[in-house]
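Structure at a glance
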Amino acid sequence: MKYDVLIVGAGIAGASLAWHLAGKGLSILLIDSKPFTRFGDKPCGDAVSKAHFDDLGMPYPTGEQLENVIHGIKLYSPDKRTVWTVKGDGFELNSPAYVQRLTKEAMEKGVEVMDLTTAMKPIFEDGFVKGAVIYNRRTNQTMTVEAKVTVDATGYSISLRNKLPKELPITEDIDDKDADIAYREVTLTRDDMEDYDYLKIYVTQQYSPGGYWWIFPKGKNKVNVGLGIQGGMGYPPVQSFYEKYLKDIAPEVDRQKLLVKGGALVPTRRPLTTMVWNGIAAIGDSAFTVNPVHGGGKGSAMISAYCVSKSILSAFEKGDFSVQSLWDANLCYIEKYGAKQASLDLFRRFLQRLSDDDINFGMNKRVLKEEDIVEASTYGDLHMSAAEKAMRVLAGLSRPSLLFKLKTVADYMKRFKNLYYDYPKDPKEIMKWKARVEALTAEFINAIS
Ligand SMILES: Cc1cc2nc3c(=O)[nH]c(=O)nc-3n(C[C@H](O)[C@H](O)[C@H](O)COP(=O)(O)OP(=O)(O)OC[C@H]3O[C@@H](n4cnc5c(N)ncnc54)[C@H](O)[C@@H]3O)c2cc1C
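The rules behind the values
- Residues numbered from 1 in each chain as written.
- Predicted model: local features only at pLDDT ≥ 70, side-chain atom pairs only at ≥ 80, totals over all residues.
- Heavy atoms only, no water.
- Near = heavy atom within 4 Å.
- Polar contact = N/O pair within 3.5 Å; in protein donor to acceptor, adjacent residues only side chain to side chain.
- Helix = DSSP H or I, 4+ residues; strand = E, 2+ residues; numbered from the N terminus.
- Nonpolar A, V, L, I, M, F, W, Y, C, P; charged D, E, K, R; others polar.
- pLDDT = per-residue confidence, 0-100.
- Axes fitted to C-alpha atoms, helices over the stretch in contact; angles between N-to-C directions.
- Left-handed = near helix turned anticlockwise from the far one by under 90°.
- Contact = heavy atoms within 4.5 Å.
- Core = buried A, V, L, I, M, F, W, Y, C linked by side-chain atoms within 4.5 Å.
- Buried < 20%, exposed > 50% of the residue type's maximum accessible area, 1.4 Å probe, protein only.
- Pairing = 2+ DSSP bridges.

All right, on to the site of the ligand then. Close to the ligand lie 34 residues; Asp32, Gly45, Ala47, Asp285 and Lys298 are nearest. In the environment of the ligand, a nitrogen atom lies 3.5 Å from a nitrogen or oxygen atom belonging to the side chain of Ser157. A distance of 2.9 Å separates a nitrogen atom of the ligand from a polar side-chain atom of Ser159. Looking at the shell around the ligand, the elements with two or more residues in it are helix 1 (12–21), strand 7 (117–125), strand 12 (213–219) and strand 14 (253–267). The element that contributes the greatest number of residues to the shell around the ligand is strand 7, accounting for three residues. Classifying every residue of the shell around the ligand gives 14 nonpolar, 14 polar and six charged.

Structural data, given as structure tokens:
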């Protein structure tokens, strides 16, 4: 079988890419190991900012795809004494329904879909990916699919690009400590909730080391509750934290009315060094596009799909599917999200080192304020004006070292972002640039240790 584009994985990333490419004159095959009715079905908090849909021209979820409309976030300190309210519009998705809608719209414009079909390995010849060997469980057939561009949208399993020769930069692996282990349940609540248009986040190292708890309302009396903890640290299983602390965090939950449960891994690091190589692109979790601080990855998976769709279309105009030709996908992603994501990776490393006392102090004394967090999560900039002022006032008081570190973090975040804006225009320079990224990361870790 021959196609222009083979997309492996029909999660939000793969379905968005199919949606963007559909109807543009290319022959496209989208495959997923799951049956169609489970496309988009993975453990998730399901909260996505409205801004992503606006920015990318993607349809808002409607009808059964939309479970709740969100107007902001309440962020609780570990001792729950301080609550910050940050306003912002978003959606609580029914993810499978939304992903299946995108897939159906792409199919109406000619995209072919094969469910219950797994990509076993990429075809790699003469330095180019030229398709994949796939296996269809419905027909029990193994087939070879040739494609000009093959896209790895396989989520955290990274099951395609990891089978390429290790010397290619696109095979980059993830350190366990740069991932969160997350678990969530969707249940009904005992009573109707107030403020059910607000997401609630509890930052506590004791109850969720290196991560946080969330309660995301899916309506007046239905919630998605879960937590993430940092991977690779030898902590007890994430479910044991859930069992131990659920009552403290979310007493409103009625576990007799459990609807869904499950866990998965989330990459919480800077983006993959390059999303493209000869004849291949990676998007979504497979390309490490998740926000390192809050772990939200659906919006940024949609951004990566958008950027890769642009570079695929331009590659077809040029008739050139080399890494040079596809390279613009990296520049697009870095400009739209990647530079901010990379600077937030430093912020994440800093936050994971704080104690609950530090966080209580920082939130209560407003060392940072709600506005700083909005600024940081929107642009990846930590402006220290507020903290610097506080530093002057508080210097010599209980925690000057925390304030001093915050200033260091802000400086490094700025340098890191600038390094990303200096991303090479030529793929030949990529390894040199990667070495600069690794050196600055090591310097930062040293500075905050
Ligand atoms: C518990 C939890 C809570 C989260 N909460 C949020 C949240 O509230 N908001 C948010 O934005 N993000 C959240 N995230 C992150 C978000 O879920 C992911 O970033 C996002 O869903 C990634 O989408 P994706 O399409 O890249 O990957 P996936 O959704 O994992 O899709 C990958 C697809 O590829 C298929 N596949 C894999 N290998 C193969 C193969 N070899 N052949 C064929 N098919 C294959 C899989 O079956 C799957 O359908 C959360 C994650 C977790 C684990």
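There is more to say after this.
Time to look at unusual backbone geometry. At Leu116, a residue that is not glycine, the phi angle is positive and equals roughly 50 degrees. Positionally, Leu116 belongs in the loop between strand 6 (112–114) and strand 7. Even without being a glycine, Asp195 presents a positive backbone phi close to 50 degrees.

This paragraph deals with the confidence of the model for the protein chain. On average, residues of the protein chain score 94 in pLDDT, and 96% of them reach the 70 mark or higher. Mean pLDDT values for the elements of the protein chain range from 54 in helix 10 (residues 385–394) up to 99 in strand 1 (residues 2–8).

Glancing now at the packing of helix 5 (residues 298–318) against helix 7 (residues 328–351). Between helix 5 and helix 7, the shortest axis-to-axis distance is 8 Å and the interhelical angle comes to 145 degrees. In this structure, helix 5 meets helix 7 at a crossing whose hand is right-handed. The residues of helix 7 that touch helix 5, namely those facing Ser300, Ile303, Ser304, Tyr306, Cys307, Val308 and Ser311, are Ala329, Cys332, Tyr333, Lys336 and Tyr337. Among the residues forming the contact of helix 5 with helix 7, the class breakdown is eight nonpolar, three polar and one charged.

This part covers the nonpolar core. Soluble globular proteins: nonpolar side chains tend toward being buried together. Judged by nonpolar contacts, the single largest core of 105 residues is most densely connected at Val5, Ile7, Val151, Ile312 and Phe350. Considering every element that reaches this core, the biggest residue donor is helix 7, with eleven residues.

The next point concerns the sheet that holds strand 11 (residues 198–202). If you trace the eight strands from one edge of the open sheet to the other, you get 3-5-4-11-12-13-10-14, paired in mixed fashion. Every interior strand has two partners, whereas the edge strands, strand 3 (47–49) and strand 14, have only one. Across the sheet, the mean angle from the axis of one strand to that of its neighbour is 30 degrees, orientation sign disregarded. Relative to strand 5 (residues 83–93), strand 4 (residues 66–76) runs antiparallel, the two sharing nine bridges. Bridged to Leu75 within strand 5 is Trp84.

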